[in-house]
Amino acid sequence: MPSNSLVILTLGDVTGQRALDYVCSKLRKLKLLYGADVVIVNGENASKSGGLDGEDAKKLLSAGADVITGGNHTLRGRRIGDAMEDNPEIIRPMNYPEACAGKGYVVIPVRNGIKLMVVNVAGQVYMEPADSPFNCVNKVLNSEKYDVCVADFHGEATSEKAAFARYFDGRINFTFGTHTHVQTADETYLPKGSGFITDLGMCGPVNSILGTDPDVIINRMVKRDMSPFTKADGDIKICGACVTINLDTGYVTDIKRIQYMENN
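All of these numbers come straight from a predicted model, not from anything done at the bench.

Undergrad: Describe the overall build of the chain, with residues and values.
TA: A tally of helices and strands in the chain yields 6 helices and 13 strands. Rg of the C-alpha trace for the chain: 17 Å, near the compact-globule value of 18 Å for 264 residues, within the 12% margin. Judged by the C-alpha coordinates and their principal axes, the chain covers about 55 × 40 × 35 Å. By residue count, 56% of the 264 residues in the chain fall in the buried class. Long-range contacts, defined here as pairs at least 24 residues apart, represent 65% of the contacts in the chain between residues at least 6 apart. Of the accessible surface of the chain, which amounts to about 11700 Å², a share of 50% is contributed by carbon and sulfur atoms. Separation between the mean location of the 28 positive side-chain charges and that of the 32 negative ones in the chain comes to 1 Å.

Here it is, written out as structure tokens:
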């Protein structure tokens, strides 16, 4: 890897306890495999109890995650507020109310003293109420000192994610979407040098519907059977993207989609 490049590995929504354990067991291997300097993991669905428990967040950090981003489920986790206070690398959408636990961005030192800022926002379209992701990110970009910026846009609408990435083209080096649990094949190099992918997909069971037992979803749709959601069994697949950023120009030079699976 050239010394003037930064390689960032980003993983999509970790869905359920089995997926969490699998990601934790493979994270350092993946970091070596892709030559990543930094690992960012969306952990908002990782815990058995729903959301992201404080202890599970710390497991991800201990396993090799440098930053954990969140979404609309993050704050449902037990003791997540305490974990965020102790570990600023655990973030949640910054366009949530200021009274919420934690922060919506973090600046961390990476190789050769480079300052990487990771921001996390939630969409407004088809999502729970949130402030404008455009306005709040603008304020942070204007007030913080950083060399490279990456954004996790946790949202439902593809158009909103694309608009955000293009609005911040040249200011946020790489924007990746999360939340839908479906990886998109649209990795894009934007006109001013930034990179974008609409959704990383999920880290979760292959034989599932968005991580949930297919029979539960099918019965809801066919029979209106409102049984509780249960996580699916079977092999786990890790989905995400690895991006290379030229530190001299700030341009994204490579985006690789990732789908990684071993027999469990």
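Read on, since the account is not over.
Undergrad: Before we move on, could you go through the packing of helix α1 (residues 17–33) against helix α2 (residues 54–63) and cite the residues and values that matter?
TA: Helices that pack against each other are described as a pair by the angle of their axes relative to one another and the distance between those axes. Viewed as axis vectors pointing N to C, α1 and α2 meet at an angle of 20°, and their least axial separation amounts to 8 Å. Relative to α2, the element α1 lies roughly parallel. The way α1 lies across α2 gives a crossing that is left-handed. Here α1 contributes Gln-17, Leu-20, Val-23, Cys-24, Leu-27 and Arg-28 to the contact with α2, which in turn contributes Asp-56, Lys-59, Leu-60, Ser-62 and Ala-63.

Undergrad: So what's going on with the packing of aromatic side chains? Residues and values would help.
TA: Two measures describe an aromatic ring pair: the distance that separates the ring centres and the angle between the ring planes. As enumerated under the stated definition, the model contains 6 aromatic pairs in all. Measuring from ring centre to ring centre gives 5.8 Å for Phe-134 and Phe-164, while their planes differ by 55°; the resulting arrangement is tilted. Of the two residues, Phe-134 sits in helix α4 (residues 133–143) while Phe-164 sits in helix α5 (residues 158–167), which places them 30 residues apart along the sequence. Overall, Phe-164 belongs to the buried group, its relative accessible area being 0%. For the ring pair Tyr-167 and Phe-168, a centre distance of 4.8 Å and an interplane angle of 90° mean the geometry is edge-to-face.

Undergrad: Outline the pairing of strand β8 (residues 174–178), listing residues and values.
TA: Counting buried positions along β8 yields 5 of 5 residues, so the element is predominantly enclosed. Every second residue of β8 is oriented toward a common face, with Phe-174, Phe-176 and Thr-178 on one face and Thr-175 and Gly-177 on the other, all of them buried. Taken together, the 3 bridges between β8 and strand β10 (residues 195–197) define a ladder with parallel strand orientation. Looking at the pairing, Phe-174 lines up with Gly-195 of β10.

Undergrad: Which residues make up α2, and what are the values?
TA: Taken as a whole, α2 has its buried residues at Gly-54, Asp-56, Ala-57, Leu-60, Leu-61 and Ala-63. Against α1, β3 (38–42), β4 (67–69) and α3 (80–86) lie the buried residues of α2.

Undergrad: Provide a residue-level description of a nonpolar patch on the surface, including the pertinent values.
TA: A cluster of nonpolar side chains, namely Val-182, Ile-209, Leu-210, Ile-218, Met-221 and Val-222, defines an oily patch on the protein surface of about 560 Å² accessible area. The topology assignment puts Leu-210 in the loop between β11 (202–205) and α6 (214–223). Overall, the relative accessible area of 45% leaves Leu-210 in the partly exposed class.

Undergrad: Help me get a handle on the environment of Gly-195, residues and values and all.
TA: When you line up the elements, Gly-195 lands in strand β10. Gly-195 sits 117 residues away from Arg-78 along the chain, and the two C-alpha atoms are 34 Å apart. Once residues within four sequence positions are removed from consideration, Gly-195 is found in contact with Asn-173, Phe-174, Thr-175, Thr-188, Val-252 and Ile-255.

Undergrad: How would you explain unusual backbone geometry if you had to name every residue and give the values?
TA: Residue Arg-79 is not a glycine yet carries a positive backbone phi of 55°. Structurally, the position occupied by Arg-79 is in the loop between β4 and α3. Notably, His-181 is not glycine yet its phi reads approximately 70°, a positive angle. The residue His-181 is located in the loop between β8 and β9 (188–189) in this model.

Undergrad: Could you give an account of the pattern of salt bridges, with specific residues and numbers?
TA: For side chains of opposite charge, pairing can occur when their charged atoms come near one another. Counted by the stated rule, this structure contains 8 salt bridges. Notably, a salt bridge pairs Lys-31 with Asp-66, separated by 3.8 Å at the nearest N-O pair. Of this pair, Lys-31 sits in helix α1 while Asp-66 sits in the loop between α2 and β4, placing them 35 residues apart in sequence. Taking the relative accessible area as the measure of exposure, Lys-31 reaches 25% and is therefore partly exposed. Of the residues examined, Asp-66 reaches a relative accessible area of 25% and is grouped as partly exposed.

Calculation criteria
- Residues numbered from 1 in each chain as written.
- Predicted model: local features only at pLDDT ≥ 70, side-chain atom pairs only at ≥ 80, totals over all residues.
- Heavy atoms only, no water.
- Helix = DSSP H or I, 4+ residues; strand = E, 2+ residues; numbered from the N terminus.
- Rg over C-alpha atoms; globule rule 2.2 N^0.38 Å.
- Buried < 20%, exposed > 50% of the residue type's maximum accessible area, 1.4 Å probe, protein only.
- Contact = heavy atoms within 4.5 Å.
- Areas by Shrake-Rupley, 256 points an atom, 1.4 Å probe, with all protein chains shown as cover.
- Lys, Arg positive; Asp, Glu negative; His and termini not counted.
- Charge placed at Lys NZ, Arg CZ, Asp CG, Glu CD.
- Axes fitted to C-alpha atoms, helices over the stretch in contact; angles between N-to-C directions.
- Parallel < 35°, antiparallel > 145°, perpendicular 65-115°, else oblique.
- Left-handed = near helix turned anticlockwise from the far one by under 90°.
- Phe/Tyr/Trp six-rings, centres within 6.5 Å; stacked < 30°, edge-to-face > 60°.
- Pairing = 2+ DSSP bridges.
- Patch = residues over 30% accessible without salt bridge, like charges linked within 9 Å, V, L, I, M, F, W, Y side chains within 5 Å.
- Salt bridge = Lys/Arg side-chain N within 4 Å of Asp/Glu carboxyl O.

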